[in-house]
Amino acid sequence: MSNITLLRVGSFWGYNRANNTISIEYIVSNTLRLLHVTDLHLGNNKGDCLSSIDCDESLNQVIEQLKNERYDALLITGDIANHGAKSAYLRLQVYLSEIKMPVYMLPGNHDDKALMQQVFGELNNKIELGAWNLIFLDSNDGKHYHGQLSVNELDFLEGALKQSEGRHTLIALHHPPVDIGSAWMDAMQLKNKQAFFDIIDCFESPRAVVWGHIHQEFDQYRRGVRLLSSPSTCSQFLPQSAQHQKDTQAAGYRWLELNADGSLDTGVIRVTG
Ligand SMILES: [Fe+2]
């Protein structure tokens, strides 16, 4: 008997012949395509502004730009509501109805997680998509601006990474776990970042960490793990500034292509017009 190995690569089927057995093999080579938006800062009322920018209008410009894109999921890393108001989550729910892809979200320091869950249901903290696991952490420390992962969140991260052996992982949270070079923002980063990296460093699967909070793009590597942040969908902060300083760049979002071999491609898109 000839051996026929069927290979599915992307959407194409092919076959190889070898040896003396028949086998069917499904090779997941599809790339997982994600969109990352963050720091929406929707006010209590439609039209409320942050740094003179109408956050609803700005978000809807972003949505208008990405709504016809073919992506597998949209990830929102917090600061959805500027004052944690249920009215802001309800408006976001309406805006997201324009988007035909699954949406996953986690809370930022401006959010009210309980109200988020009232509107959107229980928030996912781990998703398996293709060859990747996506892990979502709550890095909020009460009402503080800085971040802190609780013992429960650290235990959850460690357990999720143990279960992710053999897969690739992307970890998302709100607060930056590294210095970004802006003193005022670095004072609001993840306080127990060492505990975070002590866990990550024990595993092979982490490929990327993605966050919000800093209202600017960031792209560096740490020990082979890509560290990424994205622009806010409303106001931007000027990189490398000691104190709060507004950046004139447009609102934006990030695209990510997570490949089955663990590599990834990514870039930032700013809204135009
Ligand atoms: Fe923010």
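Reading the values: rules and limits
Residues numbered from 1 in each chain as written. Predicted model: local features only at pLDDT ≥ 70, side-chain atom pairs only at ≥ 80, totals over all residues. Pairing = 2+ DSSP bridges. Helix = DSSP H or I, 4+ residues; strand = E, 2+ residues; numbered from the N terminus. Axes fitted to C-alpha atoms, helices over the stretch in contact; angles between N-to-C directions. Expected span 1.5 Å × (residues − 1). Buried ≥ 20, exposed ≤ 12 C-beta atoms within 10 Å, placed from the backbone. Arc of directions from axis to C-beta. Contact = placed C-beta atoms within 7 Å.

**As for the sheet that holds strand E9 (residues 126-129)**
- Strand order in the open sheet made by the 6 strands is E9-E10-E11-E12-E14-E13, with mixed pairing throughout. The open sheet is flanked by E9 and strand E13 (218-222), the only strands paired with a single partner. Between one strand and the next, the sheet's axes are offset by a mean angle of 20°, whatever the strand orientation.
- Relative to strand E14 (residues 225-229), strand E12 (residues 206-211) is paired through 4 bridges, and the arrangement is parallel. From the neighbouring strand, alanine 208 faces E14, where its bridge partner is arginine 226.

**Describing helix H1 (residues 55-66)**
- With 12 residues, H1 extends 17 Å from end C-alpha to end C-alpha; this agrees with the ideal 16 Å at 1.5 Å per step.
- Looking at H1, one finds that the buried residues are Cys55, Asp56, Ser58, Leu59, Val62 and Ile63. The buried residues of H1 occupy one face: seen down the axis, they fall within an arc of 165°.
- On its buried face, H1 sits against strand E4 (32-37), strand E5 (49-50), strand E6 (53-54), helix H2 (86-96) and strand E17 (252-258).

**So, the sheet that holds E4**
- What the 5 strands build is an open sheet, ordered E8-E7-E4-E17-E18; its pairing is mixed. The outermost strands of the open sheet, each flanked by one partner alone, are strand E8 (103-105) and strand E18 (264-270). Put simply, the sheet's adjacent strands are angled 20° from each other on average, direction ignored.
- Taken together, the 3 bridges between strand E7 (residues 73-76) and E8 define a ladder with parallel strand orientation. Counterpart to leucine 75 in the pairing with E8 is tyrosine 104.

**Topic: the pairing of E12**
- A large share of E12 lies buried, amounting to 6 of its 6 residues.
- Bridge count between strand E11 (residues 168-172) and E12: 4 bridges; the pairing is parallel. Opposite isoleucine 171, over in E12, you have valine 209 as the bridge partner.

**Section: unusual backbone geometry**
- At histidine 215, a residue that is not glycine, the phi angle is positive and equals roughly 55°.
- Here histidine 215 is to be found in the loop between E12 and E13.
- Positive phi is not limited to glycine here, since glutamine 240 has a value of about 60°.
- Residue placement: glutamine 240 occurs in the loop between strand E15 (236-237) and strand E16 (246-247).

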